[in-house]
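Read off the chains here:
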Amino acid sequence: MRRMTARPANTHQARLLRLLRDGGPNSRAQLGDQVDLSRSKLAVEVDRLLETGLVVADGLAASRGGRRSHNIRLAPGLRFLGVDIGATSIDVAVTNAELEILGHITHPMDVREGPVAVFEQVLAMAAKLRASGFADGFDGAGIGVPGPVRFPEGVPVAPPIMPGWDGYPVREVLSQELGCPVMVDNDVNLMALGEQHAGVARSAGDFLCVKIGTGIGCGIVVGGEVYRGTTGSAGDIGHIQVEPEGRPCACGNRGCLEAHFSGAALARDAEDAARDGRSPVLAERLHTQGALSAADVAAAAAAGDTAALDLIRSGGDHTGQVIASLVSFFNPGLVVIGGGVTGLGHTLLAAIRTQVYRQSLPLATGNLPIVLGELGPASGVIGGARLISDHLFSPA
């Protein structure tokens, strides 16, 4: 298929493309109900989109009385690539124009191996998806990385857990390698976009999406749009202090939330509990495996292990303390908790909720759901596809 070269010429066309992406095939009449255009103006804009090949006719719509309208849908051959680079793994998926995942693969990878090694793996995974028949090329790619990103340029800036990535031109390099437009963002912003598009935040206009993995970050969505701040570092809550003169953090400060509760901190605390005799279950797992992870803590907690449950509650208390401050400041309509540590489930969620509801004012928390994300590892890759489609489905 000819790859996407056209862009919407104006805001009306961009709005129509996004409606078709988010709602699927629709009739001209129903599209007209959702955009502020006269029937004749709508016909002109739809015909122009048909000429570009971005949309195609898709049969007759159900009758609403009178002559039946034609359905319109996004070009079925459009393909977007979503890439979610985590601290310890990479997820790559290809979607259609409606952001439905057609193929999705995961590969373990340490982000500290550096951008060259990581992107060799990303490109190999993209090639595998192409070879599997999911795409013959990509119309755009959205990339998430686990650190701060200067968004307009697509460049990571001094990411604490990503040595060798500072200033690396991710957007430029991958655009050349993939032969398509590329957008780059922080991984938690992609998670927020994914949950907004197809997950638990579908009906939320203002929400927080907290990702607890190897690190901790927060996606902030205001009026349906991701808020990135002046330089792209909004939501870096992992480096808010929760313990004065607490543990040293990778960022160089002490007492950060991330140093006290994240995947890495939890694994370290679990190994301490195993070695000093507080947890026979974790001790057995450590003896068998040689190392522990958040998944081991979750399994031990599910077996009723007191030390594991205490670790989860302590981490939830620290996280809830920070989220309570955010809720008091931002007054969101929803808080979503996601990331690799969500295997800790409802014990973690209960501790976070307790802190938030205790510390924030009733006006802010009276109707505030605090929930686990729905999409798991798919949230980041769907968010990547959403990010690049937002860019391409905006006026040139």
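Residues numbered from 1 in each chain as written. Predicted model: local features only at pLDDT ≥ 70, side-chain atom pairs only at ≥ 80, totals over all residues. Heavy atoms only, no water.

So, about the sheet that holds strand β15 (residues 370-372). Across the sheet, five strands lie side by side as β13-β12-β11-β14-β15; this open sheet has mixed pairing. Both outer strands of the open sheet, β13 (225-226) and β15, are each paired with one neighbouring strand and no more. Both strand β11 (residues 207-212) and strand β12 (residues 216-222) contribute to a ladder of six bridges, which runs antiparallel. Across the sheet, L208 pairs through a bridge with I220, a residue of β12. Along the sheet, helix α11 (residues 306-330) makes contact with β11, β12 and β14 (334-338), crossing β11 at roughly 160°. Against the sheet, helix α12 (residues 345-359) contacts β11, β14 and β15, and its axis sits at roughly 165° relative to β15. (Pairing = 2+ DSSP bridges. Helix = DSSP H or I, 4+ residues; strand = E, 2+ residues; numbered from the N terminus. Contact = heavy atoms within 4.5 Å. Axes fitted to C-alpha atoms, helices over the stretch in contact; angles between N-to-C directions.)

Here helix α8 (residues 263-275) contains 13 residues, and its C-alpha end-to-end distance of 18 Å stays within 8% of the 18 Å for a straight helix at 1.5 Å per residue. Those residues of α8 not exposed but buried are G263, A265, L266, A267, D269, A270, E271, A273 and A274. Structurally, α8 contributes buried residues whose contacts are with α7 (257-260), α9 (280-289), α10 (294-302) and α11. Immediately beyond the C-terminal end of α8, within one or two residues, lies G277, with a positive phi of roughly 85°. (Expected span 1.5 Å × (residues − 1). Buried < 20%, exposed > 50% of the residue type's maximum accessible area, 1.4 Å probe, protein only.)

Assignment of secondary structure puts V341 in the loop between β14 and α12. Note on V341: relative accessible area 2%, which makes it buried. When the C-alpha atoms of V341 and I216 are compared, they prove to be 10.0 Å apart, with 125 residues separating the residues in sequence.

One non-glycine residue, L99, lies in positive phi territory at about 65°. Structurally, L99 can be placed in the loop between β5 (89-95) and β6 (101-108). On the basis of relative accessible area, L99 is assigned to the buried category, the value being 4%.

Residues I337 and L344 are the most contacted members of the largest nonpolar core, which totals 43 residues. Elements that contribute at least two residues to this core include exactly β11, β12, α8, α9, α10, α11, β14 and α12. Grouped together as the second largest cluster of nonpolar side chains are 39 residues, L49, V55, L193 and V336 included. (Core = buried A, V, L, I, M, F, W, Y, C linked by side-chain atoms within 4.5 Å.)

The subject of this paragraph is the confidence of the model for the protein. Overall, the predicted model of the protein reaches an average pLDDT of 92, with 97% of residues at or above 70. Between the elements of the protein, mean pLDDT differs from a low of 82, seen in strand β2 (residues 55-60), to a high of 98, seen in strand β4 (residues 80-85). (pLDDT = per-residue confidence, 0-100.)

Overall, the coordinates contain four aromatic pairs when judged by the stated rule. With centroids separated by 6.4 Å and ring planes inclined at 65°, the aromatic side chains of W165 and Y168 adopt a geometry described as edge-to-face. Judged on exposure class, the residue W165 and its partner Y168 are both buried. By the ring-pair criterion, three or more aromatic residues cluster together here, those being F119, W165 and Y168. (Phe/Tyr/Trp six-rings, centres within 6.5 Å; stacked < 30°, edge-to-face > 60°.)

The subject of this paragraph is the pattern of salt bridges. In the structure shown here, the tally under the stated rule is 18 salt bridges. In this structure, D390 and R18 form a salt bridge, with 3.7 Å as the shortest nitrogen-oxygen distance. One end of the pair, D390, is in helix α14 (residues 378-392); the other, R18, is in helix α1 (residues 11-23), and 372 residues separate them in sequence. Residue classification places D390 among the buried residues on the basis of a relative accessible area of 16%. Shared partners join several salt bridges into a network, and the residues in it are R18, R21, D22, R386 and D390. (Salt bridge = Lys/Arg side-chain N within 4 Å of Asp/Glu carboxyl O.)

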